[in-house]
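Architecture at a glance
Letter by letter, the chains look like this.
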Amino acid sequence: MKVVLFCGGYGMRMRSGASDDVPKPMAMVGPRPLIWHVMRYYAHFGHTEFILCLGYGAHHIKDFFLHYEETTSNDFVLRGGRTELLSTDIASWTITFVQTGVESPIGERLRRVREHLDGDEMFLANYADVLTDAPLPEMIEKFAARDAGASMMVVPPQSSFHCVDLGDDGLVGGITPVSELPLWENGGYFVLRQEVFDHIPEGGDLVADGCAELAKRGRLVAHQHRGFWKPTDTVKERAALDEAYARGRRPWAVWERV
């Protein structure tokens, strides 16, 4: 199945200064950027046709793949001054680079790459900066068996804050960590059918417009995931993943379990 990745936002909370135009998916975790980790996840399960929805800082993403160094993460033999790779990362990948606008909402980005889906009835979509160990084949299989227009992976709330049960008299009746509330939040990792395009207006959003309308019609299903899932919205979150990688604690790297 084709994989659409949204990687064109500003990522303001990840930027270090006004002159920093590196898009968030290019933030490093170990020797590779976030987008590489996301793509390796999909490729591990056999999905190697990628459509990148580019926008802000697009040249960084293009340059990374145009000058990709396989030796960074693969074993090789140097013989007679020539490199002989013992394994490869992206040799079997097909990557389509599409400029979808700097200011475009995610739904509009999806609309602008529809022609590159070749009319495929089902396809995958995701943000390019969220890592997980979710069972992708199971997600796809369950969705394929359902009469629905979209599937959204949902995860427990990630906030470390506490919710306060407050009475009218100002007395606190209880304090509960957000993570323990019976709530679920959007975790990305979508499985979609072409039907979703019927509900995304020009300049619209995938979740607020497309998924919300499908939900009203009883056409949206959720895949609940309680395993590893980490967003990288801030420098702190990216640094935590980088440190975990260095320590060998990288549950999202499902390709390393083989």
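Here the structure is a predicted model, which is why all the values come from computation and not from measurement.

**Brief notes about the overall build of the protein**
The secondary structure content of the protein amounts to six helices and 15 strands. A compact globule built from 258 residues should have a C-alpha radius of gyration of about 18 Å, and the protein, at 20 Å, falls within 12% of that. Long-range contacts, defined here as pairs at least 24 residues apart, represent 75% of the contacts in the protein between residues at least 6 apart. Within the structure as shown, the protein displays about 13,100 Å² of accessible surface, and the carbon and sulfur contribution to it stands at 49%. Taken together, the 27 basic and 36 acidic charged side chains of the protein have centroids lying 3 Å from each other.

**Some thoughts on the sheet that holds strand β10 (residues 150–155)**
Taking strand neighbours across the sheet as the criterion, the seven strands line up as β7-β4-β1-β8-β13-β10-β14 in an open arrangement whose pairing is mixed. Both edges of this open sheet fall to β7 (94–99) and β14 (220–224), since each of them pairs with a single strand only. Between one strand axis and the next, the sheet turns by 25° as a mean value, whatever way the strands run. Relative to β14, β10 runs parallel, the two sharing five bridges. Bridge pairing links Met-152 to Ala-222 in β14. Across the face of the sheet, helix α4 (residues 136–144) comes into contact with β8 (122–127), β10, β13 (185–193) and β14 while running at roughly 55° to β13.

**Some thoughts on the packing of aromatic side chains**
All told, the structure shown has 14 aromatic pairs when counted by the stated rule. Ring pairing ties together the aromatic residues Tyr-41, Tyr-42, Phe-45 and Tyr-189, which thus form one cluster. Looking at Arg-193, its charged tip hangs above the ring of Phe-143, at a distance of 4.4 Å from the centre. The ring of Tyr-245 has Arg-250 sitting right over it, with the charged end atom 4.0 Å from the ring centre.

**Quick look at the nonpolar core**
Within the largest apolar cluster, 70 residues are counted, with the highest numbers of intra-cluster contacts made by Val-4, Leu-5, Tyr-42, Leu-52 and Leu-110. Among the elements that make up this core, the one with the highest residue count is helix α1 (residues 34–44) (eight residues). Residues within four places of Val-4 in sequence aside, it is in contact with Ile-51, Cys-53, Leu-110, Val-113, Leu-117, Phe-123, Leu-124, Ala-125 and Asn-126.

**Here we look at the pattern of salt bridges**
Applying the stated rule across the entire model yields 17 salt bridges. Here Glu-108 and Arg-111 are joined by a salt bridge, their closest N and O atoms 2.9 Å apart. Of the two residues, Glu-108 and Arg-111 both sit in helix α3 (residues 106–112), three residues apart, roughly one turn of that helix. Taken together, the salt bridges that share partners define one network made up of Lys-2, Glu-49, Asp-118 and Asp-120.

Reading the values: the criteria
Residues numbered from 1 in each chain as written. Predicted model: local features only at pLDDT ≥ 70, side-chain atom pairs only at ≥ 80, totals over all residues. Heavy atoms only, no water. Helix = DSSP H or I, 4+ residues; strand = E, 2+ residues; numbered from the N terminus. Rg over C-alpha atoms; globule rule 2.2 N^0.38 Å. Contact = heavy atoms within 4.5 Å. Areas by Shrake-Rupley, 256 points an atom, 1.4 Å probe, with all protein chains shown as cover. Lys, Arg positive; Asp, Glu negative; His and termini not counted. Charge placed at Lys NZ, Arg CZ, Asp CG, Glu CD. Pairing = 2+ DSSP bridges. Axes fitted to C-alpha atoms, helices over the stretch in contact; angles between N-to-C directions. Phe/Tyr/Trp six-rings, centres within 6.5 Å; stacked < 30°, edge-to-face > 60°. Lys NZ or Arg CZ within 6 Å of the ring centre and 35° of its normal. Core = buried A, V, L, I, M, F, W, Y, C linked by side-chain atoms within 4.5 Å. Buried < 20%, exposed > 50% of the residue type's maximum accessible area, 1.4 Å probe, protein only. Salt bridge = Lys/Arg side-chain N within 4 Å of Asp/Glu carboxyl O.

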